[in-house]
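# Fold and geometry: a report
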Amino acid sequence: MDDCIFCKIVAGDIPAKKYYEDELMIVIADISPKAEKHYLAIPKKHYKLFSEMTEADAADLGKCIRKIGEIAPSLGLENGFRFIVNQGDDAEQTVFHLHMHLLGGQKLSTHSYKRDA
Ligand code: 5GP
Ligand code: ZN
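What this report covers is the structure whose coordinates are included nearby. (Residues numbered from 1 in each chain as written. Chains lettered and ligands numbered in written order. Predicted model: local features only at pLDDT ≥ 70, side-chain atom pairs only at ≥ 80, totals over all residues. Heavy atoms only, no water.)

## Quick notes on the coordination of the zinc ion (ligand 2)
- All of the protein donors around the zinc ion (ligand 2) are Cys4 (SG), Cys7 (SG), His46 (ND1) and His97 (ND1); their distances to the metal are 2.0 to 2.3 Å.
- Around the zinc ion (ligand 2), the four donor atoms sit at angles spanning 106 to 117 degrees, and that spread fits a shape best called tetrahedral.
- Along the chain, the residues donating to the zinc ion (ligand 2) fall in the pattern C-x2-C-x38-H-x50-H. Taken as a pair, Cys7 in helix 1 (residues 5-11) and His97 in the loop between strand 4 (81-84) and strand 5 (100-104) lie far apart in primary sequence, 90 residues in all. (Donors = N, O, S within 2.8 Å, 3.2 Å for Na, K, Ca; no water. Tetrahedral: all angles 85-135°; square planar, octahedral: opposite > 155°, others 65-115°. Helix = DSSP H or I, 4+ residues; strand = E, 2+ residues; numbered from the N terminus.)

This is the structure we're talking about:
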């Protein structure tokens, strides 16, 4: 997608430090962290919503999630992390390329996943 910031980061057109990369996803730090450690795991394929996914996308996303579990300790998330995917208006999704927030590096309050917390 031409005007998608995450597609541009995936393509390397916008520089970002990649903490992890494979054929399916990249992991970068969120530009506006909401916790001591706040990463974005971004599937390389562009789609916005779970409801847009194909069966192949679902299989790929499953692989990404399994990989996140594997690499979490190397990201400083060895004590756990919160996993968030914002979908649509009510969740205030702001980047319309599906991505997974990984929050950790500290004890997280019950409400720290909320934007205004
Ligand atoms: P959403 O609100 O769509 O779930 O999350 C989008 C996230 O992307 C936000 O937490 C925001 O801080 C982050 N973000 C937006 N633009 C950039 C960028 O150019 N680089 C990085 N690293 N993060 C970004
Ligand atoms: Zn995109």
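## A word on the site of ligand 1
- Taken together, 17 residues form the shell around ligand 1, and within it Ala29, Asp30, Asn86, Thr94 and His101 come nearest.
- Contact distances for ligand 1 include 3.3 Å between a nitrogen atom and a backbone N or O atom of Ile31.
- Isolated, ligand 1 exposes 520 Å² of accessible area, and the fraction of that covered by the protein chains is 87%.
- Counting only elements with at least two residues in the shell around ligand 1, the list comes to helix 1 and strand 2 (25-29).
- For the shell around ligand 1, the element with the highest residue contribution is helix 1, accounting for three residues.
- Residue classes in the shell around ligand 1 are distributed as eight nonpolar, six polar and three charged. (Near = heavy atom within 4 Å. Polar contact = N/O pair within 3.5 Å; in protein donor to acceptor, adjacent residues only side chain to side chain. Areas by Shrake-Rupley, 256 points an atom, 1.4 Å probe, with all protein chains shown as cover. Nonpolar A, V, L, I, M, F, W, Y, C, P; charged D, E, K, R; others polar.)

## Considerations on the nonpolar core
- Counting 18 residues, the largest nonpolar core has Met25, Val27, Ala41, Leu75 and Leu102 as the members making the most contacts within it.
- For this core, the element with the most residues is helix 2 (residues 55-71), which contributes four residues.
- In this structure, Cys7, Ile9, Leu40 and Ile42 belong to the second largest nonpolar core, which totals 10 residues. (Core = buried A, V, L, I, M, F, W, Y, C linked by side-chain atoms within 4.5 Å. Buried < 20%, exposed > 50% of the residue type's maximum accessible area, 1.4 Å probe, protein only.)

## Points about the environment of Ile14
- Counting through the fold element by element, Ile14 comes out in the loop between helix 1 and strand 1 (18-21).
- Not counting residues within four places of it along the chain, the set of residues in contact with Ile14 comprises Ile5, Lys8 and Ile9. (Contact = heavy atoms within 4.5 Å.)

## What to know about the layout of surface pockets
- There is about 170 Å³ of room inside the second largest pocket.
- Looking at the second largest pocket, the residues that line it are Gly76, Leu77, Glu78, Asn79, Gly80, Phe81, Gly105, Gln106, Lys107 and Leu108.
- Within the lining of the second largest pocket, the residues separate by chemical class into three nonpolar, five polar and two charged. (1 Å grid on protein atoms, 1.4 Å probe; cavity = no way out; pocket = protein on both sides within 12 Å on 5 of 7 lines; lining within 4 Å. Points joined across faces, edges and corners; volume = space filled by probe spheres on them.)

## Section: the pairing of strand 2
- Within strand 2, four of the five residues are buried, which leaves the element mostly enclosed by the surrounding structure.
- By the bridge criterion, three bridges tie strand 1 to strand 2 in an arrangement that is antiparallel. Bridge pairing in strand 2 places Lys18 opposite Ile28. (Pairing = 2+ DSSP bridges.)

## A look at helix 2
- Taking 1.5 Å per residue as the helical rise, helix 2 with its 17 residues ought to reach 24 Å, and the 25 Å between its terminal C-alpha atoms agrees with that figure.
- All buried positions along helix 2 are accounted for by Asp57, Leu61, Cys64, Lys67, Ile68 and Ile71. The buried residues of helix 2 occupy an angular sector of 120 degrees when the element is viewed end-on, so they sit on one face. Across from the buried face of helix 2, at angles greater than 90 degrees, the exposed residues are Glu55, Lys63 and Arg66. (Expected span 1.5 Å × (residues − 1). Arc of directions from axis to C-beta.)

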